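Residues per chain are reported as follows:
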Amino acid sequence: MNVLTLVWIASAFFLGFGIYFMPSLTRPLALLAGFFSLGYGLALGVQPEPVVLRLLDSFGVGLFLDSLTSFFIITNALVTIAVIFTLWESDKTPFFFTQILILHGSVNGAFASTDWISLYVALEVVGIAAFLLITYPRNERVIWVGLRYLLISNVAMLFYLVGAVLVYESHHSFDFVGLGEAPPEAVALLFLGLLVKGGIFTLGFWLPMTHATAEAPVSALLSGVVVKAAVLPLIRCALLVAAVEPLVRGVGVGTALLGVGFALFESDVKRVLAWSTTSQMGFILAAPEVGGFYALAHGLVKAALFLLAGQLPSRDVRELAQQGIPRTLGIPLALASFSISGFPLLAGFGAKVLTMKNLLPWQVGGMTGAAVGTAAIYASSFFLPWTRTPTSLPRGFWAAMAVLLGGLLVANGVYYEAFTWGNIVKPLGIIAGGWGLYWGVVRRLQVRLPRFLEQLEHLLGMMSVGLVVLFWLAWSW
Amino acid sequence: MGVILEAWVFATILCGFLGILWKQNLIMKVLAMDVMSTGVIAYYVVSAARGGVFTPIFLPQRQVAYADPVPQAVILTAIVIGLSIQALMLVGVMKLSRYHPTLDVRDIEMKNSP
């Protein structure tokens, strides 16, 4: 398994650069990398003991992969495969596919690493690859959005580096466990970096514009897997260091509510989906022990939704409600919306039940509210009128939908114990509440929330505020 | 002595961050980011020199206080990454200013916000 792990870590990069030597094999090579990751993730999932690789000597640099990691790797593999299927008939150059594979490989690296420096390298490579994917169309707006993303994430990672050396000074290794002995300012600095990268809480205001401006397949990658590269380390820290667990759980509840609150008042489809990503990251963090399954359910759904949003005739919800959507798109849209609202027989249901079971008493109220809000956000997609106008969609798109929605059905079996009457009634009540909220309140409101917090200055200013608040939290806990 | 060095290093980091925050010119923002990253790199070097300042190449006949090789080794990666991101961003700024000849962040933001 150790050799396989090393081969797998390197494979995405080798295949990615291999595309440049064999441009005619671009798409098969990219697909090969995706399926290799999928196979490795499944093999890791059934492996009883975790894979631990250590660099020589005691600096804590190494890799650690267990069943929690396997969920994230499978998510990454399935989303990448789906995106490659979607782009199969497009005229994207080999450069684009190389970037997808580099992104895939570096996200896998971030999942596998168990020390602050390997994680730093992986996250920075993720940032560069994501920038190149976002700016691929090279018009003015995407370049600005990409630059903004790179500036914010790089500044956050500089703070993170200071935190990493503080951990090294107190523990003489870069291992995640060293966080337990590190001073509170190290916790604040490291978490600032991870929270900004993951688009979490008030530090994640860069996320909606970035995810909404990118092209649909790129948004699917960004929302489906890239933000999770920073979320898994947070979960890992919460599990390894008891002192930061309440911090992670608290941030999770705050993020879930914040994302839902903004998504409810948004009328642009892609921005709704982006805000919903923020809130779903909160669900993953709120119950760190079981976050892996939730991440899988969310990654598949969100990738499917972004790919669907790319095919819709308009991006404005009100316009869609008037002119309707083709029925061929309506069915997968309804399926995906059911899963993310937590309807039984789809993976979202099992994930939500599992998360709700592992909450602490003080989290239950907030998370139930966020779940009702999530159902309300996606309620609108059920009330869109379906038209009979036939649309010609590429076959690759349907293959992607089959991978993502099929994955949701299969993943449902991971936690089949969820199917008890008590478990089924509660999510149905939450969905009913959410639909009621949508039908009674949200549909009638014409509120436009201010967007000044998404300006570059405010994003940077929020970072300094976030640093102070995180320091205070880490210090008082 | 170490405390004074550390204070200067933090001052550099802070100056860089304030520059990113306050400068309106996009190129100045990118350069301020480089100042900040210089500060961070210097902090690693100061941290490595805590136990001694001699090059960490071990010779049996030499009994001196060696510097800690680990922070120096890892910061090398960060230097390379910082340089490449810097280069990438400057190319982006160039492209951007060619579409719309200004470098003022507020102008660009106003024009490109939906």
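Conventions and cut-offs
- Residues numbered from 1 in each chain as written.
- Chains lettered and ligands numbered in written order.
- Predicted model: local features only at pLDDT ≥ 70, side-chain atom pairs only at ≥ 80, totals over all residues.
- Heavy atoms only, no water.
- UniProt positions renumbered as here; feature names shortened; annotations may be inferred.
- Helix = DSSP H or I, 4+ residues; strand = E, 2+ residues; numbered from the N terminus.
- Contact = heavy atoms within 4.5 Å.
- Buried area = accessible area lost by both parts, 1.4 Å probe.
- Salt bridge = Lys/Arg side-chain N within 4 Å of Asp/Glu carboxyl O.
- Polar contact = N/O pair within 3.5 Å; in protein donor to acceptor, adjacent residues only side chain to side chain.
- pLDDT = per-residue confidence, 0-100.
- Patch = residues over 30% accessible without salt bridge, like charges linked within 9 Å, V, L, I, M, F, W, Y side chains within 5 Å.
- Areas by Shrake-Rupley, 256 points an atom, 1.4 Å probe, with all protein chains shown as cover.
- Expected span 1.5 Å × (residues − 1).
- Buried < 20%, exposed > 50% of the residue type's maximum accessible area, 1.4 Å probe, protein only.
- Arc of directions from axis to C-beta.
- Pairing = 2+ DSSP bridges.
- Axes fitted to C-alpha atoms, helices over the stretch in contact; angles between N-to-C directions.
- Parallel < 35°, antiparallel > 145°, perpendicular 65-115°, else oblique.
- Nonpolar A, V, L, I, M, F, W, Y, C, P; charged D, E, K, R; others polar.
- Phe/Tyr/Trp six-rings, centres within 6.5 Å; stacked < 30°, edge-to-face > 60°.
- Lys, Arg positive; Asp, Glu negative; His and termini not counted.
- Core = buried A, V, L, I, M, F, W, Y, C linked by side-chain atoms within 4.5 Å.

Asks: Which parts of the structure should I look at to understand the UniProt feature "transmembrane region" (unreviewed entry) in chain B?
Replies: All names here are of chain B. The residues that UniProt annotates with the feature "transmembrane region" (unreviewed entry) are residues 6-23, 35-53 and 73-93. In the segment residues 35-53, helix accounts for 74% and strand for 0%; the C-alpha atoms at its two ends are 24 Å apart. End C-alpha to end C-alpha, residues 73-93 measures 31 Å, and it is 100% helix and 0% strand.

Asks: Which parts of the structure should I look at to understand the interface of chain B and chain A?
Replies: The accessible area lost on association of the parts is a frequent measure of interface size. Taken residue by residue, the interface counts 42 residues in chain B and 39 residues in chain A. Carbon and sulfur atoms make up 74% of the area that chain B and chain A hide from each other, which totals about 3,800 Å². Joining chain B to chain A, the criterion identifies three salt bridges. The salt bridge partner of arginine 106 of chain B is glutamate 457 of chain A, with a shortest N-O separation of 3.0 Å. Where chain B meets chain A, there are ten residue pairs in polar contact (both at pLDDT 80 or more).

Asks: When you look at the confidence of the model for chain B in this model, what are you seeing that I'm missing?
Replies: Residues and elements named next belong to chain B. Here chain B shows a mean pLDDT of 90. Residues at 70 or above account for 98%. The lowest-confidence element of chain B is helix 4 (residues 105-112), averaging 87 in pLDDT; the highest-confidence one is helix 2 (residues 26-48), averaging 94. Across the whole predicted complex the pTM is 0.95, and at the interface the ipTM reaches 0.96.

Asks: What should I look at first to understand a nonpolar patch on the surface in this one?
Replies: There is a patch of nonpolar side chains on the surface, built from Val465, Val469, Phe471, Trp472 and Trp475 of chain A and spanning about 540 Å² of accessible area. For valine 469 of chain A, the position within the fold is in helix 20 (residues 456-476).

Asks: Would you mind showing me how to read helix 18 (residues 395-411) of chain A here?
Replies: Counting along an α-helix, one turn takes 3.6 residues, and residues three or four places apart therefore face a common direction. Residue and element names in this part refer to chain A. End to end, helix 18 covers 24 Å across 17 residues, agreeing with the expected 24 Å (1.5 Å per residue, within 8%). If you check which residues of helix 18 are buried, you get Gly396, Phe397, Ala400, Met401, Val403, Leu404, Leu405, Gly407, Leu408 and Ala411. Seen from one end, helix 18 has its buried residues packed into an arc of 165°, which puts them on one side. Turned more than 90 degrees away from the buried face of helix 18 sit Arg395, Ala402, Leu409 and Val410, all of them exposed. The elements touched by buried residues of helix 18 are helix 3 (67-86), helix 13 (291-311), helix 15 (327-341) and helix 16 (347-357).

Asks: What is the right way to look at the pairing of strand 1 (residues 51-54) of chain A in this model?
Replies: The two faces of a sheet get side chains in turn, since along a regular strand they alternate between them. Residues and elements named next belong to chain A. Residues Val51 and Leu53 point to one face of strand 1 and are all buried, whereas Val52 and Arg54, pointing to the other face, are not buried. Sheet topology places strand 1 next to strand 2 (residues 62-65); four bridges connect them, and they run antiparallel. Directly across from valine 52, in strand 2, lies its bridge partner phenylalanine 64.

Asks: What am I meant to see in the packing of helix 3 of chain A against helix 4 (residues 94-112) of chain A here?
Replies: Packed helices, taken two at a time, are described by their axes: the angle between them and the distance between them. All names here are of chain A. As a packed pair, helix 3 and helix 4 sit with axes 10 Å apart at the nearest point and diverge in direction by 175°. On the basis of the axis angle, helix 3 is roughly antiparallel to helix 4. Listed contacts from helix 4 to Thr69, Phe72, Ile73, Asn76, Ala77, Thr80, Val83 and Ile84 of helix 3 are Phe97, Ile100, His104, Val107, Asn108 and Phe111. Residues of the contact of helix 3 with helix 4, tallied by class, amount to nine nonpolar, five polar and no charged.

Asks: Looking at this structure, how should I read the packing of aromatic side chains?
Replies: The relative placement of two aromatic rings is captured by the distance of their centres and the angle of their planes. Taken as a whole, this structure holds 28 aromatic pairs over all chains when the rule is applied. With a centroid separation of 5.1 Å and an interplanar angle of 75°, the aromatic rings of phenylalanine 159 of chain A and phenylalanine 17 of chain B are classed as edge-to-face. Residue phenylalanine 159 of chain A is located in helix 6 (residues 140-171), and its partner phenylalanine 17 of chain B is located in helix 1 (residues 2-22); the two belong to separate chains. You'll find phenylalanine 159 of chain A and phenylalanine 17 of chain B in the same group, each marked buried. Ring plane angle 20° and centroid distance 4.4 Å describe the contact between phenylalanine 262 of chain A and tryptophan 275 of chain A, whose orientation is recorded as stacked. Of this pair, phenylalanine 262 of chain A sits in helix 11 (residues 245-264) while tryptophan 275 of chain A is found in helix 12 (residues 269-286), placing the two residues 13 residues apart along the sequence. Taken individually, phenylalanine 262 of chain A and tryptophan 275 of chain A each receive the classification buried, so the pair is uniform in this respect.

Asks: Sorry if this is basic, but what is going on with the UniProt feature "domain: NADH:quinone oxidoreductase/Mrp antiporter transmembrane" (unreviewed entry) in chain A here?
Replies: In the UniProt entry, the feature "domain: NADH:quinone oxidoreductase/Mrp antiporter transmembrane" (unreviewed entry) is given for residues 113-375 of chain A. Summarising residues 113-375 of chain A: 78% helix, 1% strand, and an end-to-end C-alpha distance of 35 Å.

Asks: Just checking my understanding: could you explain unusual backbone geometry for this structure?
Replies: The phi torsion of most residues other than glycine is negative, and most of the peptide bonds are trans. Residue and element names in this part refer to chain A. Positive phi, close to 60°, is recorded for arginine 138, a residue that is not glycine. By the secondary structure assignment, arginine 138 is in the loop between helix 5 (116-134) and helix 6. Of note, histidine 172 is a non-glycine position whose phi angle comes to about 55°, a positive value. With respect to the helices and strands, histidine 172 occurs in the loop between helix 6 and helix 7 (184-198).

Asks: I would appreciate a short explanation of the pattern of salt bridges in the present structure.
Replies: Two side chains of opposite charge can pair, provided their charged atoms sit close to one another. Scanning the model with the defined rule gives 13 salt bridges over all chains in all. Its salt-bridge partner being glutamate 140 of chain A, residue lysine 111 of chain B comes within 3.0 Å of it at the nearest N-O pair. With lysine 111 of chain B in helix 4 and glutamate 140 of chain A in helix 6, this residue pair bridges two chains. Linking glutamate 266 of chain A and arginine 451 of chain A is a salt bridge whose minimum nitrogen-to-oxygen distance equals 3.0 Å. One end of the pair, glutamate 266 of chain A, is in the loop between helix 11 and helix 12; the other, arginine 451 of chain A, is in the loop between helix 19 (421-440) and helix 20, with 185 residues separating them in the sequence. On the basis of relative accessible area, arginine 451 of chain A is assigned to the partly exposed category, the value being 25%. Each of the salt bridges in this network shares a partner with another, and the network as a whole consists of Glu266, Arg271, Arg451 and Glu454 of chain A.

Asks: Just checking my understanding: could you explain the side chain of aspartate 115 of chain A for this structure?
Replies: Residues and elements named next belong to chain A. Position of aspartate 115 relative to the elements: it lies in the loop between helix 4 and helix 5. The buried charged residue aspartate 115 lacks any salt bridge partner; its closest oppositely charged side chain belongs to arginine 54, at an N-O distance of 6.7 Å. Within the structure, the side chain of aspartate 115 is placed 3.2 Å from the backbone nitrogen of glycine 62, a separation counted as a polar contact. A distance of 2.8 Å separates a polar atom in the side chain of aspartate 115 from a polar atom in the side chain of serine 118.

Asks: Explanation requested: helix 16 of chain A in the structure shown.
Replies: All names here are of chain A. Among the eleven residues that make up helix 16, ten are buried, leaving the element largely enclosed by the rest of the structure. Within helix 16 the residues assigned to the buried category are Ala347, Gly348, Phe349, Gly350, Ala351, Lys352, Val353, Leu354, Thr355 and Met356. Each element contacted by the buried residues of helix 16 is listed here: helix 12, helix 13, helix 15, helix 17 (361-379), helix 18 and helix 19.

Asks: It is not clear to me how the environment of threonine 102 of chain B should be interpreted in this structure. Could you clarify?
Replies: Residues and elements named next belong to chain B. Among the secondary structure elements, threonine 102 is positioned in the loop between helix 3 (69-99) and helix 4. Considered as a pair, threonine 102 and proline 56 are 46 residues apart in the sequence and their alpha carbons are 48 Å apart. Looking at threonine 102, its side chain comes within polar contact range of the main-chain nitrogen of aspartate 104, at 3.0 Å.

Asks: I'm lost on the nonpolar core in this one. Help?
Replies: Inside soluble globular proteins, nonpolar side chains tend to come together where they are buried. One finds Leu65, Leu103, Trp116, Leu179, Phe191 and Met463 of chain A together with Tyr44 of chain B to be the most contacted residues of the largest nonpolar core, which totals 217 residues. Among the elements that line this core, the one with the most residues is helix 6 of chain A, at 21 residues. What methionine 463 of chain A contacts, discounting residues up to four positions off in sequence, is Ile152, Val155, Ala156, Phe159, Leu192, Val196 and Leu203 of chain A together with Phe17 of chain B.

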